[in-house]
Amino acid sequence: MKWEDICLRCGLCCHEKVIKDDLLIFLEDVCEYHDSRTGLCKVYPERFAKCSRCQKVTPLKAMFSPYLPPTCGYVLWARRHHIRFASMREMVLSE
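Procedures and definitions
Residues numbered from 1 in each chain as written. Predicted model: local features only at pLDDT ≥ 70, side-chain atom pairs only at ≥ 80, totals over all residues. Heavy atoms only, no water. 1 Å grid on protein atoms, 1.4 Å probe; cavity = no way out; pocket = protein on both sides within 12 Å on 5 of 7 lines; lining within 4 Å. Points joined across faces, edges and corners; volume = space filled by probe spheres on them. Buried < 20%, exposed > 50% of the residue type's maximum accessible area, 1.4 Å probe, protein only. Helix = DSSP H or I, 4+ residues; strand = E, 2+ residues; numbered from the N terminus. Contact = heavy atoms within 4.5 Å. Salt bridge = Lys/Arg side-chain N within 4 Å of Asp/Glu carboxyl O.

Engineer: Quick question: what am I supposed to make of empty space enclosed by the protein here?
Structural biologist: The probe, sized like a water molecule, is rolled over the atoms to show the empty space still left. Within this structure, the stated rule accounts for one cavity of 30 Å³ or more. As for the largest cavity, its lining consists of L24, P66, L68, P69, P70, R79, R84, S87, M88 and R89.

Engineer: Would you mind going over helix α3 (residues 73-80) with me for this structure?
Structural biologist: Owing to its 3.6 residues per turn, the α-helix aligns residues three or four sequence positions apart on the same side. Within α3, the full set of buried residues consists of G73, Y74, V75, W77 and A78. In the core, the buried residues of α3 are packed alongside α2 (59-64). The positive-phi residue at the C-terminal boundary of α3 is H82, with phi of around 55 degrees.

Engineer: Even after reading the chapter, I still don't get the pattern of salt bridges, so can you show me in this structure?
Structural biologist: Two side chains of opposite charge can pair, provided their charged atoms sit close to one another. Tallied over the entire structure, the rule returns four salt bridges. E4 is the partner of R47 in a salt bridge, and the nearest nitrogen-oxygen pair spans 2.5 Å. You can see R47 sitting in helix α1 (residues 47-50) and its partner E4 sitting in the segment before β1 (15-20), a full 43 residues away along the chain. We classify R47 as buried; its relative accessible area is 9%. Owing to a relative accessible area of 21%, E4 belongs among the partly exposed residues under this scheme. Put simply, E4 and K56 hold a salt bridge, and the shortest N to O gap is 3.4 Å. A residue pair is termed long-range when its members are at least 10 positions apart, and E4 in the segment before β1 and K56 in the loop between α1 and α2 qualify at 52 residues. Members of the salt-bridge network, linked through shared partners, are E4, R47 and K56.

Right, here's the structure in full:
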C-alpha cells in the first residue's frame, strides 16, 4: 500500500481550521478546488502544484499535527500503530 492510499479523500483538509481549547473548528472557508458536491479535490493529483494551501501529510504530521480531524485516514493509521501523539480534539463545523 502506498502512503497516499491511506487518505480517505474526505475533503476536511480543504477547509480552513482553527484550534480553540479542545475544539478543532472547521470554517466555511474552503479551498477553491474542493468539490462541495462530491467532497473531493478537483485537482487531487496536481494539488501541491496548483494550491499553495495544500500540504502533504507525512508520517510525522500524522503523528503530531493537531489540525488533522480524528476521522482522517492518516490519523487512524497513526492510532492503529500506537504512534498518534497529538491531543484529542472534538471536531465541529463553524456556523
